[in-house]
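Structure at a glance
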Amino acid sequence: MKNSLGDLALLGGEPEFDDPIYVGRPTNINREDLFRRLGLALDRQWLTNDGPLCRALEERIADLVSVKHCVAVSSGTVGLQLVIRALGLTGEIIMPSMTFIATAHAARWLGLDPRFCDIDPVTRQIDPDLIGVLVTPRTSAVLGVHLWGRVCDTDRIGAVSETHGLPVFYDAAHAIGCTRSGRPAGGAGAAEVFSLHATKVVGAFEGGAVTTNDDGLAELLRGLRTFGGGGSSPWGGTNAKMSEASAAMGLCSLDVLKKSVEDNQSNLDAYRTYLADIPGLLPPPDLPGEAGNHQYAVVEVFAEETGVDRDLLRQVLLAENIVAKPYFSPPCHLHAPYVAQRPVRLPHTEALAARTLALPTGSAVGTREVRRICSVIRLALSRGRALAERHRSAVSNHRKGPRP
Ligand code: T4K
């Protein structure tokens, strides 16, 4: 138990954890089930190209999110790109800047020009009222993002897009198993794109899933995924298929989704309990009607109150072997290449991105670890100004180097 600032590893103490505790640890799956499924694929000698495990995964996801079609793909990024091609998008695309850089890069890689929209400071999601201002004659679509798995306001985003005659689709990378007003993420707009990356609550090593209720779009996506399929796209096609090994992992991960969400919920509850009375730190509030998978346990750090900003707190935690992640900082518009190309100011996004920190959660972490993480945070923030001062002088002494 650490009691004084000198106990913090950043200031010379022993690290709280011997081994690193990560954000984004893969979900614990049943290994026997995985090996059984892999064995089936090997026995069948059918390892990829729309195999039975891939189809089973697609059916399970379509069922889970109540949509007609799910097209499994090799990553969330490629899933976004298939939708962009399938909708024939060119020119500009409106999206939030407060997202992982993959959202923007997926579009840019295909020659589109992302136009970044600020967030609503209450919901932390793209502000539907600001979308219209960004529409130009070159705009071809709106791309919403369910940040940290919290489903954005698809009704209002859909309405404003319709007013401007623009298609809308969603980056649902974080949102499998999340609902808003009882409606699961996955069925809004033209399509929604889930990531099934290893770090996600449903992981397939690498993978993604595009969901849609549009029969024609689903068929087009399947073709684009497999080198162009029937050849109905002017873009040709690519190889975005999911292997049977990935599908096996995805199915095992889906098998334990309920338990994974319960584990995340229990960790989030523990964070909220142990961090409740610490000044300068808040989890974003729950919004009415939302139910999340809580795969990101995000807190916001307010330096004005304690003298400790997000980056210093992150350094404190890293020294303790607690690998917290600044999701998502810098926000896309301040990231290369966008910052140089079209400088914009998005005050709410910039303020939020500067204070967010994702803390370790998932089935690899339990209440015991959460309690220990919180006790480090409590020590750091309760003596925040002294910590910041000692850290500043340690850094400046280090820069000066040893006396000659
Ligand atoms: N849209 C959004 C909003 C997204 O967040 C993402 C991806 C995408 C689109 C694109 O989806 P994909 O094309 O990836 O399917 C990680 C993930 O790689 C990325 O998938 C995810 N979002 C993003 C939020 O997080 P990094 O750069 O933070 O990865 P990395 O290597 O630093 O790992 C994150 C943490 O997970 C570390 O603490 C280590 C831990 N980890 C990671 C891996 C791969 C493990 O413990 N085990 C592992 O196997 O991007």
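Residues numbered from 1 in each chain as written. Predicted model: local features only at pLDDT ≥ 70, side-chain atom pairs only at ≥ 80, totals over all residues. Heavy atoms only, no water.

1. Comments concerning the domain arrangement of the protein
Taken domain by domain, the protein comprises domain 1 (5-25 + 256-324 + 360-400) and domain 2 (31-255). Between domain 1 and domain 2, the residue contacts involve 18 residues of the former and 25 residues of the latter. For the domain 1 and domain 2 pair, buried surface summed over both sides reaches about 1,800 Å², with 50% attributable to carbon and sulfur atoms. Three residues stand out in domain 1 for area buried against domain 2, namely Leu257, Gln295 and Tyr296, and they jointly supply 30% of the buried area on that side. The residue Arg124 makes a salt bridge to Glu300 at a minimum N-O spacing of 2.9 Å. Our count for the contact surface shared by domain 1 and domain 2 stands at 13 residue pairs in polar contact (both at pLDDT 80 or more). Taken together, the elements giving at least two residues each to the side of domain 1 that touches domain 2 come down to helix H9 (257-275), strand E12 (290-291) and strand E13 (297-301). (Domains from an automatic or database assignment. Contact = heavy atoms within 4.5 Å. Buried area = accessible area lost by both parts, 1.4 Å probe. Salt bridge = Lys/Arg side-chain N within 4 Å of Asp/Glu carboxyl O. Polar contact = N/O pair within 3.5 Å; in protein donor to acceptor, adjacent residues only side chain to side chain. Helix = DSSP H or I, 4+ residues; strand = E, 2+ residues; numbered from the N terminus.)

2. Thoughts on the sheet that holds strand E5 (residues 139-145)
Sheet architecture is open: seven strands sit in the order E2-E10-E9-E6-E5-E3-E4, paired in mixed fashion. Sheet topology places strand E2 (69-73) and strand E4 (113-117) at the edges, where each strand pairs with a single neighbour. For this sheet, the mean angle separating the axes of adjacent strands, direction not counted, is 25°. This element, helix H4 (residues 101-109), spans strand E3 (92-96), E4, E5 and strand E6 (168-171) of the sheet and lies at about 175° to E3. On the sheet, helix H7 (residues 215-225) packs against E2 and strand E10 (208-212) and is oriented at approximately 15° with respect to E2. (Pairing = 2+ DSSP bridges. Axes fitted to C-alpha atoms, helices over the stretch in contact; angles between N-to-C directions.)

3. Comments concerning the pattern of salt bridges
Overall, the coordinates contain 27 salt bridges when judged by the stated rule. Note that Glu58 is salt-bridged to Arg225, the shortest N-O span being 3.0 Å. One end of the pair, Glu58, is in helix H2 (residues 52-64); the other, Arg225, is in helix H7, and 167 residues separate them in sequence. Accessibility expressed as a relative area gives 6% for Glu58, which makes it buried. Several salt bridges converge on common partners, so that one network encompasses Asp50, Arg55, Glu58, Arg222 and Arg225. (Buried < 20%, exposed > 50% of the residue type's maximum accessible area, 1.4 Å probe, protein only.)

4. Notes on the site of the ligand
Surrounding the ligand, one finds 24 residues, the nearest of these being Arg25, Thr77, Asp171, His174 and Tyr327. One nitrogen or oxygen atom from the side chain of Thr77 is found 2.6 Å from an oxygen atom belonging to the ligand. The fraction of the free accessible surface of the ligand (910 Å²) that becomes covered by protein chains is 77%. When residues of the shell around the ligand are traced back to their parent elements, those giving at least two are helix H3 (76-86) and H4. Of the residues assigned to the shell around the ligand, the class counts are nine nonpolar, 11 polar and four charged. Of the domains in this structure, domain 1 (5-25 + 256-324 + 360-400) and domain 2 (31-255) are the two that each give at least three residues to the shell around the ligand. (Near = heavy atom within 4 Å. Areas by Shrake-Rupley, 256 points an atom, 1.4 Å probe, with all protein chains shown as cover. Nonpolar A, V, L, I, M, F, W, Y, C, P; charged D, E, K, R; others polar.)

5. Some remarks on the packing of aromatic side chains
The geometry of two aromatic rings is summed up by the distance between their centres and the angle between their planes. Overall, the coordinates contain four aromatic pairs when judged by the stated rule. Taken together, a centroid distance of 5.8 Å and an interplanar angle of 55° make the contact between Phe100 and Phe328 tilted. You can see Phe100 sitting in the loop between E3 and H4 and its partner Phe328 sitting in the loop between strand E14 (322-323) and helix H12 (338-341), a full 228 residues away along the chain. Looking at Phe100, the relative accessible area reads 43%, which means it is partly exposed. By the ring-pair criterion, three or more aromatic residues cluster together here, those being Phe100, Tyr296, Tyr327 and Phe328. The aromatic ring of Trp235 is capped on one face by Arg85, whose charged end is 3.7 Å from the ring centroid. (Phe/Tyr/Trp six-rings, centres within 6.5 Å; stacked < 30°, edge-to-face > 60°. Lys NZ or Arg CZ within 6 Å of the ring centre and 35° of its normal.)

6. Remarks on the environment of Glu320
With respect to the secondary-structure elements, Glu320 resides in the loop between helix H11 (310-319) and E14. Distance in space between the C-alpha atoms of Glu320 and Ala62 is 41 Å, their sequence separation being 258 residues. Ignoring any residue separated from it by four or fewer positions in sequence, one finds Glu320 in contact with Lys2, Asp7, Leu8, Ala9, Glu14, Pro15, Glu16, Phe17 and Val376. One polar contact links the side chain of Glu320 to the main-chain amide nitrogen of Glu16, over a distance of 2.8 Å.

7. Observations regarding the sheet that holds strand E8 (residues 183-184)
Strand order in the open sheet formed by three strands is E8-E7-E12, with antiparallel pairing between adjacent strands. Two strands close off the open sheet at either side, each with one partner strand: E8 and E12. Two elements, strand E7 (residues 179-180) and E12, share two bridges in a ladder whose sense is antiparallel. Bridge pairing in E12 links Arg180 to Glu290.

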